[in-house]
Amino acid sequence: MASVQAVHNLFLCCFLLCLSLTQGRGKYESSYPSEYPFIKKASTFSTSTSFSPSSGGDKAYDYIVVGGGTAGCPLAATLSQNFSVLLLERGDVPFTNPNVSFLSNFHLTLADTSQASASQYFISTDGVLNSRARVLGGGTSINAGFYTRASSRFIREVGWDEMLVNKSYTWVEDQIVHRPKVAPWQAVFRDSLLDVGISPFNGFTYDHIYGTKFGGTIFDRFGRRHTAAELLVTGNPQTLTVLVHATVQKVLFDTSSKTPKAVGVLFKDENGNQHQAFLKNSPRSEVILSSGAIGTPQMMLLSGIGPKADLEKMKIPVILENDLVGQEVADNPMNTIFVPSKKPVEQSLIQTVGITKMGVYIEASSGFGQSKDSIHCNHGIMSAEIGQLSTIPPKKRTREAVEAYIRRKKEQPHEAFIGGFILEKLAAPKSSGHINLITKNVDDNPSITFNYFNHPEDVKRCVEGIRMATKIVQSKYFTNFTQCGKETVDKILNSSVGANVNLIPKHTNDTKSLEQFCKDTVITIWHYHGGCHVGKVVSRRDYKVLGVQRLRIIDGSTFHESPGTNPQATVLMMGRYMGVQILRDRLGKEAGV
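Procedures and definitions
- Residues numbered from 1 in each chain as written.
- Predicted model: local features only at pLDDT ≥ 70, side-chain atom pairs only at ≥ 80, totals over all residues.
- Heavy atoms only, no water.
- Helix = DSSP H or I, 4+ residues; strand = E, 2+ residues; numbered from the N terminus.
- Buried < 20%, exposed > 50% of the residue type's maximum accessible area, 1.4 Å probe, protein only.
- Contact = heavy atoms within 4.5 Å.
- Areas by Shrake-Rupley, 256 points an atom, 1.4 Å probe, with all protein chains shown as cover.
- 1 Å grid on protein atoms, 1.4 Å probe; cavity = no way out; pocket = protein on both sides within 12 Å on 5 of 7 lines; lining within 4 Å.
- Points joined across faces, edges and corners; volume = space filled by probe spheres on them.
- Nonpolar A, V, L, I, M, F, W, Y, C, P; charged D, E, K, R; others polar.
- pLDDT = per-residue confidence, 0-100.
- Axes fitted to C-alpha atoms, helices over the stretch in contact; angles between N-to-C directions.
- Parallel < 35°, antiparallel > 145°, perpendicular 65-115°, else oblique.
- Left-handed = near helix turned anticlockwise from the far one by under 90°.
- Salt bridge = Lys/Arg side-chain N within 4 Å of Asp/Glu carboxyl O.
- Core = buried A, V, L, I, M, F, W, Y, C linked by side-chain atoms within 4.5 Å.
- Polar contact = N/O pair within 3.5 Å; in protein donor to acceptor, adjacent residues only side chain to side chain.

**Describing the overall build of the chain**
Reasoning step 1: The helix and strand inventory of the chain stands at 15 helices and 26 strands.
Reasoning step 2: Expressed as a percentage of its 593 residues, the buried residues of the chain come to 64%.
Reasoning step 3: Taking as baseline every contact in the chain between residues at least 6 positions apart, the subset at least 24 positions apart corresponds to 75%.
Reasoning step 4: Element-wise, carbon and sulfur atoms account for 49% of the exposed surface of the chain, whose accessible area totals about 22200 Å².

**A few points about the layout of surface pockets**
Reasoning step 1: Taken as a whole, the second largest pocket spans an internal volume of roughly 400 Å³.
Reasoning step 2: Lining the second largest pocket we find 21 residues, and of these Leu-103, Asp-220, Arg-221, Gly-223 and Gln-351 sit closest to its centre.
Reasoning step 3: In the lining of the second largest pocket, the residues fall into nine nonpolar, seven polar and five charged.

**Topic: the confidence of the model for the chain**
Reasoning step 1: Confidence in the prediction of the chain, expressed as mean pLDDT, is 86, and 82% of residues score 70 or more.
Reasoning step 2: Scored below 50 in pLDDT, residues 1-30 makes 125 contacts in the model with residues more than four places away or belonging to other chains.
Reasoning step 3: Across residues 408-416, confidence stays below pLDDT 50; counting only partners more than four residues off in sequence or on other chains, it has 20 contacts.

**Thoughts on the packing of helix α2 (residues 72-79) against helix α15 (residues 568-587)**
Reasoning step 1: The N-to-C vectors of α2 and α15 enclose an angle of 25°; their axes lie 7 Å apart at closest approach. The orientation of α2 with respect to α15, classified from their angle, is roughly parallel. In this structure, the crossing between α2 and α15 has a hand that is right-handed. Here Pro-74, Leu-75, Thr-78 and Leu-79 of α2 lie close against α15, whose contacting residues are Leu-572, Gly-575, Arg-576, Met-578, Gly-579, Val-580, Ile-582 and Leu-583.
Reasoning step 2: Within the contact of α2 with α15, the residues separate by chemical class into eight nonpolar, three polar and one charged.

**Re the pattern of salt bridges**
Opposite charge on two side chains permits pairing when their charged atoms draw close.
Reasoning step 1: For the structure on display, the rule yields 12 salt bridges.
Reasoning step 2: Here Asp-191 and Arg-190 are joined by a salt bridge, their closest N and O atoms 3.1 Å apart.
Reasoning step 3: Taking the relative accessible area as the measure of exposure, Asp-191 reaches 24% and is therefore partly exposed.
Reasoning step 4: In this structure, a network of salt bridges that share partners links the residues Asp-62, Lys-280 and Arg-586.

**A few points about the nonpolar core**
Reasoning step 1: Counting residues in each nonpolar core, the largest one holds 93 residues, and the members touching the most others are Trp-160 and Leu-551.
Reasoning step 2: With 10 residues, the top contributor of residues to this core is α15.
Reasoning step 3: Excluding residues that lie within four positions of it along the chain, Trp-160 makes contacts with Phe-154, Ile-155, Val-165, Tyr-543, Phe-559, Thr-570, Met-573, Met-574 and Tyr-577.
Reasoning step 4: Within the second largest apolar cluster, 63 residues are counted, among which are Val-100, Val-135, Tyr-452 and Phe-453.

**Section: the side chain of Thr-565**
Reasoning step 1: Take Thr-565: it is sitting in the loop between β26 (551-553) and α15.
Reasoning step 2: A distance of 2.7 Å separates the side chain of Thr-565 from the side chain of Asn-566, its partner in a polar contact.
Reasoning step 3: Setting aside anything within four residues of it in sequence, one finds Thr-565 in contact with Phe-146, Thr-148, His-208, Val-353, Ile-355, Tyr-361, Glu-363, Lys-425 and His-527.

**A closer look at empty space enclosed by the protein**
Reasoning step 1: This model, assessed by the stated rule, comprises three cavities of 30 Å³ or more.
Reasoning step 2: As a volume, the largest cavity reaches approximately 970 Å³.
Reasoning step 3: Taken together, 50 residues form the lining of the largest cavity, with Thr-70, Ala-133, Gly-138, Gly-139 and Gly-292 sitting closest to its centre.
Reasoning step 4: If you list the elements that add at least two residues to the lining of the largest cavity, you get β3 (85-89), β5 (129-133), β11 (247-254), α8 (292-302) and α15.
Reasoning step 5: Top contributing element to the lining of the largest cavity by residue count: α8, with six residues.
Reasoning step 6: A breakdown of the residues in the lining of the largest cavity according to their chemical character gives 23 nonpolar, 22 polar and five charged.
Reasoning step 7: Of the pockets and cavities examined, the second largest cavity occupies roughly 70 Å³.

**Considering α2**
Reasoning step 1: For α2, the tally of buried residues reaches eight of eight residues, placing the bulk of the element in the interior.
Reasoning step 2: Three or more residues of α2 are buried, namely Gly-72, Cys-73, Pro-74, Leu-75, Ala-76, Ala-77, Thr-78 and Leu-79.
Reasoning step 3: Buried residues belonging to α2 abut β2 (63-66), β3, α6 (162-176), β10 (240-244), β14 (286-289) and α15.

**Side note on the environment of Ser-539**
Reasoning step 1: Inspection of the secondary structure assignment puts Ser-539 in the loop between β25 (529-531) and β26.
Reasoning step 2: On the accessibility criterion, Ser-539 (18% relative accessible area) is buried.
Reasoning step 3: Ser-539 sits 19 residues away from Thr-558 along the chain, and the two C-alpha atoms are 9.8 Å apart.
Reasoning step 4: Every residue in contact with Ser-539, bar those within four places of it in the chain, is listed here: Val-534, Lys-544 and Leu-546.

Dropping the structure here:
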């Protein structure tokens, strides 16, 4: 069996975000199933030369939704029941991409850094490797699939109608959510959670309840992923248009009056040609941004809404000054502990969760899989043989340096990985950061800072979570299952410190100080939120952008915390919920929803 460090590195590189050099790979032939006749390539779009945004016309839309992701797909499908909707997604479809479709290939999309990849990697200024979705279905097309609702407290605090929330959750669940077949690793993890006092056992439930439970999944019993894109099948094909490879450059505004008014968007197609899409000449028509906690603040800034000094520095015309756009962006920090096994372990992603009263969530994953028809995975900068990129000074961590490391890396067989991980992550971190533009090119990632563990309360809770995670690893249930002896805390933690999980320089006392361990081994769980907060950037009930007309935001950039243990259920629900609310506000009982 490979060393613990090599084993740990192999899975972490795939489970988190390995920056593999797969340029020229990952290009899948697009196929749009017959159930989705409204999905087209962006290059098929055309606007009549006689059309103008002030006159309306056949090519104008009631709603233009920017971002065909977790919230955008259910939102567009719902609005199309009564109005014309244009949904613009910068990525391709997920249906024929095996790395998206199958649980066994979960890590491969994250490992693919080509331009055709369904994920776009980025490295936060903190030195943490990250990824954002670039595919129809958004995060539901590249995540670990776990489905669980937000707490009742969260729903009350955001001011949503609880009856409509429950109906909207159910609408999603009836279409794409499944009850998992619990893997052996997850069952042992459940017993260990209960053994260390994370009780009671609440069985299988979508609800957010203190204790231990099994949650839902968007992977079916055959291991096939069901994404937000499938919710589009409920849309009205006569009034819904979905364009893929449609990269929105900015929102277009009419500034002839005192209050700027959104009139449409500028986007480019897969060939690089520019197009304009316009709203109908109605005060109720809207552009709705649903590009996520990274994409939406970036789009707001590119469109001229944000801090005046920053916009002027980038030579972006200021449409509306708002210093709070792109601020208070947060990510739930996570730390992992490797659990070795002397016998092969079935692959499993998240199925079991421990919800503690200390503000920490404990989850687990196991095994390693890769189907024969998937792209070859180079394991990138986190493989053991290449050493730690964190030893390179930050200013020298260029893309060329990363690629040089990758070229020198020897391949490891997947058989090298035997074991699993305990994942410890914070709920509602108090540390937050900001998003700033680096260029005016929407294809480029902005500068993203999360300030992980800047707040002492976050460090304190992480330490408590790590202590609990080590007890879980040492439980009789895991030692009996893995056939490995009970290890010391130092040995358990050393496995994680030695792995190259991020680009943060390591310290010599990592395992002696749990506070330092938390900071030095922090990784992401992709639960970004904030940047366009309610009351600061958008209004409370309807999420309309303050200070402009006909512009709304519906996604996780409006959240003050990530809902539940995993946010996808609530973001999916939010798309349906807000779509129904818009229809009811506009049509009343005639909306029929």
